[in-house]
Structures are given as C-alpha cells and as structure tokens.
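# Structure assessment
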Amino acid sequence: MTTPDDHARPAGDRHQPVLLQRCVDLLAPALTQPGSVLVDCTLGMGGHTEAMLEQVPTARVVGIDRDTQALRLAGERLARFGERFTPVHAVYDEIGDVVADLGLDGVQGVLMDLGVSSLQLDEAGRGFAYAQDAPLDMRMDQTRGITAADVLNTYDERALARLLREYGEERFAPRIARALVRRREERPWERTGELADLVRASIPAAARRTGGNPSKRTFQALRIEVNGELEVLERAVPAAIEVLATDGRIVVESYQSLEDRIVKRALARGTTSSAPPGLPVEPETHKPYLEALTRGAEEADEAELERNPRAASVRLRAARRVRPTPDHLRTTSPTTKRPSTTRPSKEDRR
C-alpha cells in the first residue's frame, strides 16, 4: 500500500524492473558505436534506461511515456546523465514522429515493457489496483481521455460484456455486465472498492477458489479500454521495427496473452520469408528482414521470481533487423477494433 513517504522516495527505490539484465544484454550489442540511440518506449520510472546508460556508455536514450508523473520521476532519477537522456511526453505508437522530430534517420535499439507500471499500481489514487479503494480512473495519462468510471457509467450491457470477454478473457462477462448495469441504476460508479466487491459477488463461489483475485480480469479489461492499449500496441510494434536501423534490436516484454499475441505476430512477419511456397529460388526481396534473438517467448527464472514477484507473467521476445523492410511489406499493422458498441452516441447514453 502506498504511504505518504512513498511519494518522497526516489524512483529507483519504488520500482524493480523485470528481466533487467537480460534486456541490457540483448540490446547492448547494437549500441556499441558512440551516439547510438535506444528508444525506451515505456520509460516508467527509468529503471531499464538507467541500467542501459550505466552499462553502455556509448548509448543515449530517448524515453517515451504518456504518464507525466512517471516522466517527472524518471527525469529526476536520470538527470545525472545530462544530454544522454531525452524524455518525451507521447504515446509509444508515436515513435516514428518522435524519432523524426529529433532529426534521426533511425535508431539502434527499441525497448517496450508493456502493461501497467509499478508506479501506477502502487499509487492508490490512480485506481489501477483492485486491492486498494480509489476513484475509478485508470488513465495512464491523467491529462486526457475517458476514465474507468466513464466506461462503467455509459457503456451499455452488451458492450460491457464484450469488453470483459475480449480484453479481460472473463468467462462470466455477461453475468458481471448485467450486475454492473443494474448497480449503476441505483447510483453511478465511482470507487474501485465497490467494483471489486460487485465482481466478487457476481462470480460463482467455486470459481472464486482458484486463479487469484476474481477482480483482476475486470480491472485488466477496463484498463486496456481506457488507455486503448491493444490498438496502440498494434500500431507501435510495426512502427518501432520501421525506425530500427540495420543491425538494430528490439526487445518487448509483455504480461498477458493479448499483448504477447500481437508482439509475436509482428515479429513473425519479419522473421518469416514472404516468398510464395514452391519457388526454386527465394527472391532477395522476400527474405526475412528480422532475425529472432529468442526462441519463442522467454520467461522469468526462479531467481528472477524470487527477486521480483511481478515477473511471474512476463513473456520476453527480441529480434534484430538484418535488412530493410521490403516495399511490399512496408504497411502498418491493422488496428485492433474496439467492440463496436463500446462508444455509444450521446443519444444512446441517455
């Protein structure tokens, strides 16, 4: 639980990055030339960036985050590196624009550590944690966008059920959605504690005995919806690959199957030949433009889990660019569509 003293603690004392050394080891070979650039797409409190700047003195890091509080804390933590660190307030699917605005033709490394950060989980007032009672916010960027309360108070029952099923992989989605709508007819949704209690009461007792806190899937679904996480990721991974220079490397850490599926698909597209089957000779333009650096998705070992329990669900994938993307494959990945009824018109909300 967050205490008043937590707000005064240095960022380095408040967050332990997942698979920190493995990320450094995978990215470092691409950053050996002076002035090499790594884009940390999910800066958070700067743990991965700090390790890269300490261990790879030839590198500079551009740190992107949509969370202004995280940018402030990371900026304080990394101030000692001077011009080797550049913070940018943006969503990470804007990586192409960020790199172009800095006057760079390409970068040598990209890191993505997906999902909700320790800062967001531990700050009770942000509303991300089902174990703490707080306003139903869940916005990573608190300067804009809808809140979780907006979703719960305006989406219709069908939309809520689809949201919980698709983004939370919740098998009791219809039952929970029905209860959510029935409850808001009495008074609007405002607090996370009330939501956690309702979800728990809506799930059969037998199902509550396994799988951890029964609210986690509902909270995950709301967080993904509020922040548009899957749509952003669908755009961000191809965009990140496109800013990589030849021999550049990308490392992505995901924490749930929906994220990992998107990452896997984007990397597989680059590591697989696009030539039609049966050709006697593979055309140069159809050869893979990425080389996988991991065999499938790597998971945390026992030592990592003992140090950092939040690494339990991590899946790490990495690749190296071996050639430019062929023109016939240089397209953006299709955006994940939100459930079609999740953004009702003003008339529908009345």
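Structure shown above.
Residues take numbers from 1 onward in each chain, read along the sequence in its written order. Confidence filtering applies because this is a predicted model: local features only for residues at pLDDT of at least 70, side-chain atom pairs given and counted only at 80 or more, and all residues used for totals across whole chains, interfaces and linings. Side-chain figures throughout are based on the complete set of non-hydrogen atoms in the structure, without hydrogens or water.

Successive side chains on a regular strand alternate, one facing one side of the sheet and the next facing the other. Taken across its seven residues, strand E4 (residues 107-113) has six buried, putting it largely inside the fold. The criterion for strand pairing is that DSSP finds at least two bridges linking the strands in question. Numbering of helices and strands starts at the N terminus; helices are DSSP runs of H or I of at least 4 residues and strands are runs of E of at least 2. For strand E1 (residues 36-40) and E4, the ladder comprises three bridges, and the chain directions are parallel. The partner of Asp40 across the bridge, within E4, is Leu111. Bridge analysis of E4 against strand E5 (residues 244-254) gives six bridges, and the strand direction is parallel. Each residue of the ladder has a partner; that of Val107, found in E5, is Leu244. Partly exposed describes any residue whose relative accessible area lies between the buried limit of under 20% and the exposed limit of over 50%, with all areas from a 1.4 Å probe on protein chains only and scaled to the type maximum.

This next bit is on the sheet that holds E5. Across a sheet, paired strands are connected by hydrogen bonds in the backbone, their directions being either parallel or antiparallel. If you trace the seven strands from one edge of the open sheet to the other, you get E3-E2-E1-E4-E5-E7-E6, paired in mixed fashion. This sheet does not close on itself; its edge strands, each paired only once, are strand E3 (85-89) and strand E6 (290-292). Each neighbouring strand pair of the sheet contributes to a mean axis angle of 20°, computed without reference to strand direction. Packing of helix H2 (residues 20-27) onto the sheet brings it into contact with E1, E4, E5 and strand E7 (315-321), and relative to E5 it is tilted by some 165°. Contacts between helix H14 (residues 257-271) and the sheet are confined to E5, E6 and E7, with E7 contributing the most and set at about 20° to the helix. Note on geometry: axes are C-alpha line fits, over the in-contact stretch for helices, and angles between N-to-C directions span 0 to 180 degrees. Any pair of residues with heavy atoms lying within 4.5 Å of one another is described as a contacting pair.

Whenever Lys or Arg places a side-chain nitrogen within 4 Å of a carboxyl oxygen from Asp or Glu, that contact is recorded as a salt bridge. All told, the structure shown has 24 salt bridges when counted by the stated rule. Note that Arg200 and Asp197 form a salt bridge whose closest N and O atoms lie 3.1 Å from each other. With Arg200 and Asp197 both in helix H10 (residues 192-202) and three residues apart, the pair spans about one turn of that helix. Taking relative accessible area as the criterion, Asp197 reaches 48% and is therefore assigned partly exposed. Measuring nitrogen to oxygen at the nearest pair gives 2.7 Å for the salt bridge that ties Arg317 to Asp260. Residue Arg317 is found in strand E7, and its partner Asp260 is found in helix H14; the two are separated by 57 residues along the sequence. A single burial state applies to Arg317 and to Asp260, both of which are buried. The network of salt bridges with common partners includes Glu50, Glu54, Arg77 and Arg80.

Let's shift gears to unusual backbone geometry. One non-glycine residue, Leu19, lies in the positive phi region at around 50°. Within the fold, Leu19 resides in the loop between helix H1 (11-14) and H2. Here Leu19 falls in the buried class, since its relative accessible area comes to 9%. The phi torsion at Glu169 lies on the positive side, around 50°, for a residue other than glycine. Turning to its location among the elements, Glu169 is positioned in the loop between helix H8 (157-168) and helix H9 (173-184).

Attention now moves to the environment of Val226. With respect to the element layout, Val226 can be found in helix H12 (residues 216-227). Val226 sits in the buried class, given a relative accessible area of 10%. Considering only alpha carbons, one finds Val226 and Arg139, 87 residues apart in sequence, at a separation of 6.3 Å. Setting aside anything within four residues of it in sequence, one finds Val226 in contact with Asp137, Met138, Arg139, Ile146, Thr147, Ala148 and Val151.

A separate point is the pairing of E3. Both strand E2 (residues 59-65) and E3 contribute to a ladder of five bridges, which runs parallel. In the strand pairing of E3, Asp65 is matched with His89. Here, the term right-handed applies to a crossover whose path from the first strand over the helix to the second runs clockwise when the strands point away from the viewer. The handedness of the E2 to E3 crossover, carried by helix H4 (residues 68-78), is right-handed.

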